[in-house]
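Listed below, chain by chain, are the residues.
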Protein chains: 2
Amino acid sequence: MPDSEIISLEDAEALITRVLCAQDVPEAPARSVAAALVAAEAEGQSGHGFSRLEDYVGQVRSGKIRARAEITSRQISQTSLLIDAGHGFAYPALDQAIDWGVQVAQCYGTAAISIMNSHHCGALSVQVEKLAREGLIGLMVSNAPAAIAPWGSSVPVFGTNPIAFAAPRNSAEPLVIDLSLSRVARGKVMHARKSRQSIPEGWALDAEGKPTTDPEAALAGSMIPIGEAKGTALALMVEILAATLAGANHSPEVSSFFTPDGPPPGSGQFLLALRPEGKEAFADRLEALLTTVSNLEGARLPGTRRNSAIAHARACGLDVPRHYLDTARSLT
Amino acid sequence: MPDSEIISLEDAEALITRVLCAQDVPEAPARSVAAALVAAEAEGQSGHGFSRLEDYVGQVRSGKIRARAEITSRQISQTSLLIDAGHGFAYPALDQAIDWGVQVAQCYGTAAISIMNSHHCGALSVQVEKLAREGLIGLMVSNAPAAIAPWGSSVPVFGTNPIAFAAPRNSAEPLVIDLSLSRVARGKVMHARKSRQSIPEGWALDAEGKPTTDPEAALAGSMIPIGEAKGTALALMVEILAATLAGANHSPEVSSFFTPDGPPPGSGQFLLALRPEGKEAFADRLEALLTTVSNLEGARLPGTRRNSAIAHARACGLDVPRHYLDTARSLT
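This is a predicted model, so every value here is computed, not measured.

Colleague: I'd love a proper account of the interface of chain A and chain B, names of residues and values included.
Modeller: Each partner contributes to the interface: chain A provides 64 residues, whereas chain B provides 64 residues. With both sides pooled, the region where chain A packs onto chain B buries about 5,100 Å², and carbon together with sulfur makes up 77% of that total. Of all residues in chain A, the largest losses of buried area upon contact with chain B belong to Lys 230, Glu 277 and Leu 289 of chain A, amounting jointly to 12% of the total for that side. At the surface where chain A touches chain B, the tally comes to two salt bridges. Arg 74 of chain A is paired through a salt bridge with Glu 277 of chain B; the nearest N and O atoms lie 2.5 Å apart. Counting the contacts that link chain A with chain B gives 17 residue pairs in polar contact (both at pLDDT 80 or more). The greatest single-element share of the side of chain A that touches chain B, amounting to nine residues, is contributed by helix α8 (residues 229-244) of chain A.

Below, the structure is given as structure tokens:
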């Protein structure tokens, strides 16, 4: 059991904000980053929470993340917007994307937002949920450093390219789906390397495209996609929506989201907001579908564990490994 | 080698149109169905081609497909449309969806179209490709009779719920992706049953959720999704976009697309059209990405086989099992 400490969501956000402000990040973007990391931590996605802070600080210090990035945006059409995150954090750009998307989808029915010159966007679930809380269907995809090889080859070209989706419900938390297109998260392989453990077969291939249980060889190779050729086809779709459309870097040019060296990642995101007709009627139909699923023996709705984690974190605070908090406090 | 006959695309369309007109389907929708079936056949998706015609006729005769369905539509917002296919064929409704989607996406940047009271929509690739030929990014999803069980349960709730995507290219056929969320198409299991062969393990589960190699048990059970729980989460996403949003029947209520008995399927489809900014610049970036993929040893771009099949069919005609053509001619 690693040594850990309970911290409230408010204190966690305040701490992260202080850390970032101490690195010359202005308060508004610092708060945005803090809110996103804490929200990810609260829903149990610790790989997108406190564990990222030290690496973010390293990248701010090296200039790989621009502390004082200027976010600019340009309307492409009445319902589509291109945001240039200016090689700063992704989260303040995502906030703008969602504000704009909500307004435009409420008015025009649909809204599509692309983000370029972006960075690690954390838990996509956190972002699409915001759209669903405004009564909209939300869809989001992102690219990331190359990790998945096109089916049949051994050279990674696509990121683990996540897809997230959310839909509003009546008197229940929104339905939230968030998944990456690799069979398992790349973070699990990194964790195995750190703790000097082998990985199960079926997670990754080595640089020659052969199955491996060695995390080092896996990180030099590629992650196995879900659904074989279907998974890499979906990864290509995500790559086009998240990067090609935005004019962002494609995954092979996206530098590490972890290390302070190299050029900025310049990754891309895409968000879509859809206004369902008749919010109540839509939610009633959705409830019928979800009830069918949740009444089945053995079945679980996506997001069930997430909702429990969030409720627990709100009531009891976050249980964070002490070394993350010690590091954070040392960085303020 | 089954006995087959070469027929030109034009003759094939004319034959199918005649067959449907002989069943009291008006000429315009008959032509639409014929074009879709022949396009699917041409790209090598024979499961959505001539093989469907006899079943379509059976359903028109029983009234499960309304020969003279009135298609109505209602604009939900400036950029979203709900089409009621009136329990007729899906294809004429899809034609309207695409016409409207192209116009609206050209003007507003995005367009979202839902179709309810619909039927089998064949090869989605055929539809999204039309959007890409107009310079748009196209996305389409559909539900279908329940075939995939939520992960952990053994009762099918979702259709094989396909996802299709297309993007325009400079001086090349559009990039087209089209995949269902089951590991293999349900049609392959039906084919195995017909030809009294067993199916490989990994395709399907029996009604108790156990792996089976018996096609009969598989059809009474469920198809295994790609990516385990991730696949059923994607199937739920597709179900919500294709059916819940439209107010179409959810997959458990969607009746067979094959048999003449029972109520109309009332399935749903969803299409999204997106206008990329700077068509040329977008296509140049896409070309760079696709070149990276196609230069890799062992990798193949999605749609490569499809494009060859289409080119061959245009040049040499379709090679169709003779019994399908004999049946068609007997139905005129």
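Colleague: Let's hear about the relation of the copies chain A and chain B: which residues, and what values?
Modeller: For the pair chain A and chain B, the best superposition has an RMSD of 0.0 Å and corresponds to a rotation of 180 degrees with a translation of 0.0 Å parallel to the axis. Seen this way, the second copy is the image of the first under a two-fold rotation axis. It is Gly 227 of chain A whose C-alpha, among those of chain A, lies nearest the rotation axis, at 2.8 Å. Residue by residue, 100% of the interface of chain A is reproduced at the interface of chain B, so both copies engage with the same surface.

Colleague: Can you tell me about helix α10 (residues 304-316) of chain B, naming the residues and giving the values?
Modeller: Residue and element names in this part refer to chain B. The terminal C-alpha atoms of α10, which comprises 13 residues, lie 18 Å apart, in line with the 18 Å expected from a rise of 1.5 Å per residue. Within α10, burial applies to Arg 306, Ile 310 and Ala 313. Take α10 and look down its axis: the buried residues cluster within an arc of 65 degrees, on one side only. Along α10, the residues that are exposed and aim more than 90 degrees away from the buried face are Arg 305 and Ala 315. For α10, the elements touching its buried residues are α1 (9-21), α2 (27-42), α5 (124-133), β7 (175-179) and β12 (318-321). One or two residues past the end of α10 sits Gly 317, with phi positive at roughly 85 degrees.

Colleague: So, the pairing of strand β2 (residues 72-77) of chain B: which residues are in play, and what are the values?
Modeller: Along a regular strand, successive side chains alternate from one face of the sheet to the other. Residue and element names in this part refer to chain B. Where β2 lies against strand β3 (residues 80-84), five bridges are found, and the strand directions are antiparallel. For Ser 77, the partnering residue across the bridge sits in β3 and is Ser 80. Hairpin remark: β2 followed by β3, antiparallel, with two residues in the connecting loop.

Colleague: Got a sec to walk through the pattern of salt bridges? Specific residues and values, please.
Modeller: Residue and element names in this part refer to chain B. Per the counting criterion, the structure on display carries 28 salt bridges over all chains. Across the pair Glu 43 and Arg 306 runs a salt bridge whose closest N-O atoms are separated by 2.9 Å. In this pair, Glu 43 is assigned in the loop between α2 and α3 (53-62) and Arg 306 in helix α10, connecting sequence segments 263 residues apart. Accessibility assignment for this pair places Glu 43 and Arg 306 in one class, buried.

Colleague: Any details on the sheet that holds strand β10 (residues 222-223) of chain B? Residues and values, ideally.
Modeller: All names here are of chain B. Pairing is antiparallel across the open sheet formed by three strands, whose spatial order is β9-β8-β10. Two strands lie at the open edges of the sheet, namely β9 (211-212) and β10, each paired on one side alone. Pairing analysis gives two bridges linking strand β8 (residues 204-205) to β9, with the strands arranged antiparallel. Across the sheet, Leu 205 pairs through a bridge with Pro 211, a residue of β9.

Colleague: Describe the nonpolar core, naming the residues involved and giving the relevant values.
Modeller: With 116 residues, the main nonpolar core has Leu 271 and Leu 318 of chain A together with Leu 271 and Leu 318 of chain B as its most contacted residues. Those residues in contact with Leu 271 of chain B that sit more than four places away from it in its chain are Leu 94, Ala 97, Ile 98, Ala 111, Ala 112, Ile 113, Ile 115, Leu 131, Leu 139 and Met 140 of chain B. Residues Ile 177 and Val 189 of chain A together with Ile 199 and Leu 219 of chain B belong to the second largest nonpolar core, which totals 92 residues.

Colleague: Can you explain the sheet that holds strand β11 (residues 267-274) of chain A? Please cite residues and give values.
Modeller: Two modes of strand pairing occur in sheets, parallel and antiparallel, and in both the strands are linked by backbone hydrogen bonds. All names here are of chain A. On the basis of which strands lie adjacent, the open sheet formed by seven strands has the order β2-β3-β4-β11-β5-β6-β7 and mixed pairing. Both edges of this open sheet fall to β2 (72-77) and β7 (175-179), since each of them pairs with a single strand only. Strand-to-strand twist in this sheet, taken as the mean axis angle between neighbours without regard to direction, amounts to 15 degrees. In this sheet, β11 lies alongside strand β4 (residues 110-118) in antiparallel orientation, the contact comprising seven bridges. In the strand pairing of β11, Ala 111 is matched with Ala 273.

Colleague: Pulling in residues and values, what's your account of unusual backbone geometry?
Modeller: Residue and element names in this part refer to chain A. You will see that Asn 161, though not glycine, has its phi angle at about 30 degrees, which is positive. When you line up the elements, Asn 161 lands in the loop between β5 (137-142) and β6 (163-167). Owing to a relative accessible area of 0%, Asn 161 belongs among the buried residues under this scheme.

Colleague: Kindly report on the pairing of β12 of chain B, identifying the contributing residues and their values.
Modeller: All names here are of chain B. Along β12, the buried face is formed by Leu 318 and Val 320; none of Asp 319 and Pro 321, which line the opposite face, is buried. Across four bridges, strand β1 (residues 4-7) lies against β12 in antiparallel orientation. If you follow Ile 7 over to β12, its bridge partner there is Leu 318.

Colleague: Before we move on, can you summarise the packing of helix α1 (residues 9-21) of chain A against helix α2 (residues 27-42) of chain A with the specific residues and values?
Modeller: Residues and elements named next belong to chain A. Taken N-terminus to C-terminus, the directions of α1 and α2 make an angle of 135 degrees; their axes are 8 Å apart at the nearest point. The orientation of α1 relative to α2 falls into the category oblique. In terms of crossing hand, the pair formed by α1 and α2 is right-handed. Mapping the contact onto sequence places Leu 9, Ala 12, Glu 13, Ile 16, Thr 17, Leu 20 and Cys 21 in α1 and Glu 27, Ala 30, Arg 31, Val 33, Ala 34, Ala 35, Leu 37, Val 38 and Ala 42 in α2. For the contact of α1 with α2, a count of residues per class yields 12 nonpolar, one polar and three charged.

Calculation rules
- Residues numbered from 1 in each chain as written.
- Chains lettered and ligands numbered in written order.
- Predicted model: local features only at pLDDT ≥ 70, side-chain atom pairs only at ≥ 80, totals over all residues.
- Heavy atoms only, no water.
- Contact = heavy atoms within 4.5 Å.
- Buried area = accessible area lost by both parts, 1.4 Å probe.
- Salt bridge = Lys/Arg side-chain N within 4 Å of Asp/Glu carboxyl O.
- Polar contact = N/O pair within 3.5 Å; in protein donor to acceptor, adjacent residues only side chain to side chain.
- Helix = DSSP H or I, 4+ residues; strand = E, 2+ residues; numbered from the N terminus.
- Least-squares fit on C-alpha atoms with pLDDT ≥ 70 in both.
- Expected span 1.5 Å × (residues − 1).
- Buried < 20%, exposed > 50% of the residue type's maximum accessible area, 1.4 Å probe, protein only.
- Arc of directions from axis to C-beta.
- Pairing = 2+ DSSP bridges.
- Core = buried A, V, L, I, M, F, W, Y, C linked by side-chain atoms within 4.5 Å.
- Axes fitted to C-alpha atoms, helices over the stretch in contact; angles between N-to-C directions.
- Parallel < 35°, antiparallel > 145°, perpendicular 65-115°, else oblique.
- Left-handed = near helix turned anticlockwise from the far one by under 90°.
- Nonpolar A, V, L, I, M, F, W, Y, C, P; charged D, E, K, R; others polar.

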